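The residues making up each chain are set out below.
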Amino acid sequence: MADQEEEELRMAMRMSMQQHETPEPKRSKPWENAGCPAESLEESPEVKSRKVQRELMAAAAERRMLATRGSAAGQVAEKSVEKNLGDRAEEQKATSMGDPEVGKNLNLGEQLSPEAANQLFLMVFGNQVTRDILAQWSNQGIRFSSDGETSMGLVQHEGGPCGVLAAIQAIVLKYIIFLPEELGKPTINMPHNLVPRRSCKSEYVAPDDLFDSLTEDRKSRALVSSMVEILFLCGSKKRAVIATLSILDLTTDGTEDTLKDEGFAKALQDLSIESGSDLQNVLRVGTYTSQASAFQRLEAMIPVFRSRMGAMLFLISALLSRGLDFVQADRDDPSQSLVTAPFGHASQEIVNLLLCGEAVAHVFDGRMDLGGGMFLKGISTNVEVGFLTLLESLNFCKVGQYLKCPKWPIWVIGSESHYTVLFALSTSVQDENEFEGRETQIRRAFDAQDQSGGGGFISVEGFHQVLKETCINLPPEKLDHICSSGFIVWSEFWQVLLDLDKSLGGLKDSTGLMGKKVFDLYHFNGIAKSDLNGCQTTPGGETPLQRPRLTKLRVSVPPRWTPEEFLADVKLPSDSSSKETVVEVAKPEPPQHAPLVDCIRTRWARATCNWVGDPPSIV
């Protein structure tokens, strides 16, 4: 009898092993929802019978084994079975993700815990968010403009998410303008580190007709590359978390042919997110440590991000890539929502997270020590694209050199209520001559001693440190005068530097040979507004065309003279015959003004701008 039981046990285990070695293809959802003909998926009665027989024999053998070897052995066997099932589940997961034939169903990722989903919702929107704000963030996709002149730009239809769109737009322009060769590489050969190889020290000028030759494929690859870069930046260049929607599992079978904009938009008609529980129900997240795999995932999920939920999903992806606890640690006041009341605008913390990878609230360099163990956190490192703001021209803040002088000549522009993008086609716009470099050096040393929260003044002790670091030798009478009030204001110090000869560490050029710079900048406002140019109105005097705006500006930056010297004749050094040559400075074209010009002047002091048509709008 014992021999017969042992034989049955061996037979059952062999059959169980054979079943494990040749598993049935795994299904991530019921066949009836997979979009396949039911008759092609049904098992024959013989197959079903054999499967049931194997399972019954294996179960009987396990029961006899448990009974004969005691409870301790039974516990070991039970754990072994659980481990075997877990291993097979991992095998199924890997197979469904890696085999294009077996795993055509989407692996949508994990569901957030109720606690994490609630924390995420409150962090972004707070506990008193209005339905209007939620509607703004639930109805903004990440998609390019259909207008021919602005086809390189992301179009915005709702207020609020402009900070997310502008940050993505800035990186998209980096790839389109300065790294076009990256867009032609196969996905499989994407580099591990997305930091550009081309040195921005050498001048690069993109052709004027660059945007005219853009194909949909290159724009799409630029968008995906930008999203990958931002998410890995938020993830400390180690990981990217990509958020998507569980509704995909109900609307598609995961194949490329069925994941279309039209069908997906229809499936989202009744979807709303008004609480953390709503977020937990619909959100699915996946973590990627390889940039190539993240690129492939985002490329497949582009219809999701083009949908009306796109901007919100990308913000959530960035926050989860950084880590919710790290985001809260970055902030000065974690109790406030990242989407600001009452209009639902993206906060500076959101913009900084997407531009520098940290959700800090300030735009100055480094951090500001307030004493007593308190400090404010600013930008800690160099950035790929920068940031300028109208608020600096109004003396509400001070943008540091990290954001003012990014690696590439592209800036997100902030106003009181909107974010837009300013960029150049040539890297030379940021080239500094000797005196501009000297000004940057002195300004950075001054800002490092500025503990006023961007007020532009420092203590006498800090001032002496600036003079020491920058090798400025002020005459005693000027030093006593500027220190007489007990603090030093930048504007007064700047005037002293302009009057101080270069040999003493100042900026006065006795030769008068400092030339002015003239270059072009482009401003893109992605929000779809009525184009007020007369040539763009529709026939019959109907409502003007709704589209984004792209404006070209001619920027002139005068020499670093005082205003009086700039307007007067300039005497050049005497030639060999000791005759003085007087050169009259040509008067520039009458400058035009708009709030954007004030932003530009925070980067290029005393710049003047001209454009054709309506003024560029930053609101």
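Small disclaimer: the values here were computed from a predicted structure and weren't measured. (Residues numbered from 1 in each chain as written. Predicted model: local features only at pLDDT ≥ 70, side-chain atom pairs only at ≥ 80, totals over all residues. Heavy atoms only, no water.)

### A short note on the overall build of the protein chain
Scanning the protein chain for helices and strands turns up 22 helices and 16 strands. Counting the 619 residues in the protein chain, one finds 45% classified as buried. On the protein chain, roughly 31100 Å² of surface is accessible, and the fraction owed to carbon and sulfur atoms is 53%. (Helix = DSSP H or I, 4+ residues; strand = E, 2+ residues; numbered from the N terminus. Buried < 20%, exposed > 50% of the residue type's maximum accessible area, 1.4 Å probe, protein only. Areas by Shrake-Rupley, 256 points an atom, 1.4 Å probe, with all protein chains shown as cover.)

### A word on the state of the cysteines
Per the stated rule, a full pass over the model turns up zero disulfides. C599 forms no disulfide, and the closest cysteine sulfur to it belongs to C397, at a distance of 9.8 Å. Overall, C599 belongs to the buried group, its relative accessible area being 0%. (Disulfide = S-S within 2.5 Å.)

### Quick word on the packing of helix α5 (residues 162-178) against helix α6 (residues 216-234)
Two quantities define a packed helix pair, namely the angle between the helix axes and the distance between the axes. Contact geometry for α5 and α6: axes closest at 8 Å, N-to-C directions at 120 degrees. As far as their axial angle goes, α6 and α5 are oblique. Regarding α5 and α6, the two cross each other, and that crossing is right-handed. Side by side, α5 and α6 meet where A167, I168, I171, V172, K174, Y175 and I176 of the first sit next to A222, L223, S225, S226, E229 and I230 of the second. Partitioned by chemical class, the residues of the contact of α5 with α6 number nine nonpolar, two polar and two charged. (Axes fitted to C-alpha atoms, helices over the stretch in contact; angles between N-to-C directions. Parallel < 35°, antiparallel > 145°, perpendicular 65-115°, else oblique. Left-handed = near helix turned anticlockwise from the far one by under 90°. Contact = heavy atoms within 4.5 Å. Nonpolar A, V, L, I, M, F, W, Y, C, P; charged D, E, K, R; others polar.)

### Description of the environment of S277
Relative to the helices and strands, S277 resides in helix α9 (residues 276-282). Put simply, S277 and N118 are 159 residues apart on the chain and 6.7 Å apart in space, counted from C-alpha to C-alpha. Side chain to side chain, S277 and S275 meet in a polar contact 2.9 Å long. (Polar contact = N/O pair within 3.5 Å; in protein donor to acceptor, adjacent residues only side chain to side chain.)

### Focus on the nonpolar core
Core analysis: the biggest nonpolar cluster contains 106 residues, and F211, F314 and F423 have the highest contact counts within it. Looking at this core, the element that brings in the most residues is α5, giving 14 residues. Other than its neighbours up to four places away in sequence, F423 contacts M152, L173, I177, F211, P409, I410, L521, Y522, F524 and L550. (Core = buried A, V, L, I, M, F, W, Y, C linked by side-chain atoms within 4.5 Å.)

### Points about the packing of aromatic side chains
Scanning all chains against the criterion turns up 13 aromatic pairs. With centroids separated by 6.0 Å and ring planes inclined at 70 degrees, the aromatic side chains of F211 and F423 adopt a geometry described as edge-to-face. You can see F211 sitting in the loop between α5 and α6 and its partner F423 sitting in strand β9 (residues 419-423), a full 212 residues away along the chain. Aromatic pair F446 and W490: ring centres 5.1 Å apart, planes at 65 degrees, arrangement edge-to-face. In this pair, F446 is assigned in helix α17 (residues 434-449) and W490 in helix α20 (residues 490-499), connecting sequence segments 44 residues apart. Taken individually, F446 and W490 each receive the classification buried, so the pair is uniform in this respect. Among the aromatic residues, those joined into a cluster by ring pairs are F446, F463, W490, F493 and W494. In this arrangement the basic side chain of R367 is found over the ring face of F375, its NZ or CZ atom lying 3.8 Å from the centre. (Phe/Tyr/Trp six-rings, centres within 6.5 Å; stacked < 30°, edge-to-face > 60°. Lys NZ or Arg CZ within 6 Å of the ring centre and 35° of its normal.)

### Quick look at unusual backbone geometry
Of note, the amide linkage connecting A341 to P342 takes the cis form, showing an omega dihedral of 5 degrees. Structurally, P342 can be placed in the loop between β3 (339-340) and β4 (345-346). Within the chain, N395 stands out as a residue other than glycine whose phi angle is a positive 65 degrees. Turning to its location among the elements, N395 is positioned in the loop between α15 (390-393) and α16 (401-404).

### A look at the side chain of Q401
With respect to the secondary-structure elements, Q401 resides in helix α16. The class of Q401 is buried, set by a relative accessible area of 7%. In this structure Q401 touches D365, T440, R443 and R444, once residues within four positions along its chain are discounted.

### Quick look at the confidence of the model for the protein chain
Mean pLDDT over the protein chain stands at 78; residues scoring 70 or higher make up 68%. Counted against residues more than four places away or in other chains, residues 186-201, with its pLDDT under 50, gives 38 contacts. For the stretch residues 531-538, pLDDT sits under 50, and the model shows 13 contacts to residues farther than four places along the chain or on other chains. (pLDDT = per-residue confidence, 0-100.)

### A word on α6
With 19 residues, α6 extends 27 Å from end C-alpha to end C-alpha; this agrees with the ideal 27 Å at 1.5 Å per step. Among the 19 residues that make up α6, 14 are buried, leaving the element largely enclosed by the rest of the structure. Looking one or two places after α6, you find S236, whose phi comes out positive at around 55 degrees. (Expected span 1.5 Å × (residues − 1).)

### Regarding the pattern of salt bridges
Counted according to the given criterion, the structure contains 14 salt bridges. Its salt-bridge partner being E392, residue K398 comes within 3.1 Å of it at the nearest N-O pair. Using a relative accessible area of 13% as the deciding quantity, one classes K398 as buried. E392 is paired through a salt bridge with K404; the nearest N and O atoms lie 2.8 Å apart. Taken together, the residues E392 in helix α15 and K404 in helix α16 connect sequence positions twelve residues apart. With respect to class, E392 is no different from K404; both count as buried. Put simply, D147, E149 and R547 are held in one network by salt bridges that share partners. (Salt bridge = Lys/Arg side-chain N within 4 Å of Asp/Glu carboxyl O.)

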